[in-house]
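Below, each chain spelled out in residue letters.
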Amino acid sequence: MWLVFTLATTLLWGAAELFYKKGSHEDRKYDHLRVCILVGAVMGIHAVFTLLTADINYDPINLIKYLPVSLCYILSMACSFFGIRFIEESLADPIENTAGAMCSVLCVIFLGDKISLPVWIAIAIIVAGIIGVTYTERSGEVNRKQKLGKKLAFFAFLMPFCYAIIDALGSFLDIFYLDNIETSPLVGITEDNIELVANVSYELTFAICGIILFIFMKCKGVKFELPKQKDKILAAVCETAGQLTYVYAMSGNGAIAAPILSSVCVVSLLLSRVFLKEKLTKKQYLFIGIIIVGILMLAVLEGE
């Protein structure tokens, strides 16, 4: 069954990226905040469902204990939601998926981890692809600056990199929280419930952030108009459902599941091309392909 859950997670997260982009609009100033609110709402519902149906003896203090990790993940997603208002999803998603490589580098720098030469090669391939993609932004083939203006084009293109860095930091912090129950700051955890406790803490924090953002938008007099947010709701549902199937996917054969899950950026690229009719330049496709090769190579090597 782990393979079914792995494939389901890959498709759900790929679909989530599609609906995130489909539901985001350049001309709606707070559209990225609307996405955050709806993701927070769906995650909050799932967290409450988990607390009611799973016997995990959840201690509310874990909301505060896990807050540094939760905020990293939430902030990284907010950066992503802002970026895809202006950037093609097929361009943003591969860059965002380099977070795994960045986390590996953080582990080497701060934890003294040793990684093999093939892993370094995979990271080098990813870096080469990123440099190439950055170069294409300066070429005459990409007219983002003319369309958005120099300042907005810069910040929009920066957002996928912000996502990757902040998400990598969250994954790095997760090592301290999830790798060893004896040293974990979380309270009332066992080997069986530690991941659920962390996930519930994250989802409840996202729900609280969603409520705060909703109040902010109301104070600003911004219309929310829930019936017009169908794509955002579908994205939030796919995101949360993917998280649920992810737990079961990794509980089976993680060494094989991880490389498959890393292909979500490929799924996202294909869906964006088919359903959103996104078109990139040949050079962009080339360098994105290089990034994807590096990501898949890294996932396979770390799964061994």
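What counts, and at which threshold
- Residues numbered from 1 in each chain as written.
- Predicted model: local features only at pLDDT ≥ 70, side-chain atom pairs only at ≥ 80, totals over all residues.
- Heavy atoms only, no water.
- Helix = DSSP H or I, 4+ residues; strand = E, 2+ residues; numbered from the N terminus.
- Rg over C-alpha atoms; globule rule 2.2 N^0.38 Å.
- Contact = heavy atoms within 4.5 Å.
- Areas by Shrake-Rupley, 256 points an atom, 1.4 Å probe, with all protein chains shown as cover.
- Lys, Arg positive; Asp, Glu negative; His and termini not counted.
- Charge placed at Lys NZ, Arg CZ, Asp CG, Glu CD.
- Axes fitted to C-alpha atoms, helices over the stretch in contact; angles between N-to-C directions.
- Parallel < 35°, antiparallel > 145°, perpendicular 65-115°, else oblique.
- Left-handed = near helix turned anticlockwise from the far one by under 90°.
- Nonpolar A, V, L, I, M, F, W, Y, C, P; charged D, E, K, R; others polar.
- Buried < 20%, exposed > 50% of the residue type's maximum accessible area, 1.4 Å probe, protein only.
- pLDDT = per-residue confidence, 0-100.
- Patch = residues over 30% accessible without salt bridge, like charges linked within 9 Å, V, L, I, M, F, W, Y side chains within 5 Å.
- Salt bridge = Lys/Arg side-chain N within 4 Å of Asp/Glu carboxyl O.
- Expected span 1.5 Å × (residues − 1).
- Bend = angle between axes of the 7 residues up to and from the residue.
- Phe/Tyr/Trp six-rings, centres within 6.5 Å; stacked < 30°, edge-to-face > 60°.

(A) The arrangement of the overall build of the chain in detail. Each helix and strand counted, the chain has 13 helices and 0 strands in total. Along its sequence from the N terminus, the chain presents helices and strands in the succession α-α-α-α-α-α-α-α-α-α-α-α-α. Relative to the globule expectation of 19 Å for 304 residues, the C-alpha radius of gyration of the chain, 19 Å, shows essentially globular dimensions. For the chain, the proportion of contacts with a sequence separation of at least 24, taken over those separated by at least 6, is 85%. Total accessible area on the chain is roughly 14,900 Å²; 68% of this is exposed by carbon and sulfur atoms. In the chain, 25 side chains carry a positive charge and 27 a negative one; their mean positions are 17 Å apart.

(B) Molecular detail of the packing of helix α4 (residues 67-83) against helix α9 (residues 150-178). At a closest axis distance of 8 Å, the pairing of α4 and α9 adopts a crossing angle of 160°. Considering the angle they form, α4 stands roughly antiparallel to α9. Between α4 and α9 lies a crossing of left-handed hand. Here the contact of α4 with α9 is composed, by residue class, of 17 nonpolar, 5 polar and 2 charged.

(C) Geometry of unusual backbone geometry. Although it is not a glycine, Asn-57 sits at a positive phi angle of roughly 50°. Tracing the chain through its elements places Asn-57 in the loop between α2 (31-53) and α3 (62-65). Among the residues examined, Asn-57 registers a relative accessible area of 60% and is labelled exposed.

(D) Here's a closer look at the packing of α2 against α4. Direction vectors running N to C along α2 and α4 enclose 135°, while the axes themselves pass 8 Å from each other. With respect to α4, the element α2 is oriented oblique. As for the relative orientation of α2 and α4, their crossing is right-handed in sense. Side by side, α2 and α4 meet where His-32, Val-35, Cys-36 and Val-39 of the first sit next to Ala-78, Phe-81 and Phe-82 of the second. Of the residues contributing to the contact of α2 with α4, the split by class is 6 nonpolar, 1 polar and no charged.

(E) Structural view of the confidence of the model for the chain. When pLDDT is averaged along the chain, the result is 90; 96% of the residues meet or exceed 70. When pLDDT is averaged over each element of the chain, α3 comes out on top at 97 and helix α11 (residues 230-262) at the bottom at 80.

(F) View of the environment of Ile-61. Summarising the element assignment, Ile-61 is placed in the loop between α2 and α3. With relative accessibility at 36%, the residue Ile-61 sits in the partly exposed group. In this structure, the C-alpha to C-alpha distance between Ile-61 and Ser-104, residues 43 residues apart in sequence, is 30 Å.

(G) A look at helix α5 (residues 89-96). For α5, the tally of buried residues reaches 8 of 8 residues, placing the bulk of the element in the interior. Of all the residues in α5, the buried ones are Glu-89, Ser-90, Leu-91, Ala-92, Asp-93, Pro-94, Ile-95 and Glu-96.

(H) Looking closely at a nonpolar patch on the surface. There is a patch of nonpolar side chains on the surface, built from Ile-109, Phe-110, Leu-111 and Phe-176 and spanning about 420 Å² of accessible area. With 3 residues, helix α6 (residues 99-111) is the single largest residue contributor to the nonpolar patch. Within the secondary structure, Ile-109 sits in helix α6. Assessed through its relative accessible area of 56%, Ile-109 is described here as exposed.

(I) Representation of α9 within the structure. For α9, spanning 29 residues, the distance from its first C-alpha to its last is 42 Å, which sits close to the expected 42 Å at 1.5 Å a residue. At Met-159, α9 shows its maximal bend, which comes to roughly 30°, and the proline Pro-160 appears one to four places after that position.

(J) Representation of the packing of aromatic side chains within the structure. Under the criterion given, the structure shown has 12 aromatic pairs. On the numbers, 4.7 Å between centres and 50° between planes, the contact of Tyr-20 with Phe-81 is tilted. Of this pair, Tyr-20 sits in helix α1 (residues 2-22) while Phe-81 sits in helix α4, and the two are 61 residues apart along the sequence. Like Tyr-20, the residue Phe-81 is buried in the burial classification. With a centroid separation of 5.4 Å and an interplanar angle of 70°, the aromatic rings of Phe-157 and Phe-161 are classed as edge-to-face. Taken together, the residues span about one helical turn, with Phe-157 and Phe-161 both in helix α9 at a distance of 4 residues. The pair Phe-157 / Phe-161 is uniform in exposure class, with both members buried.

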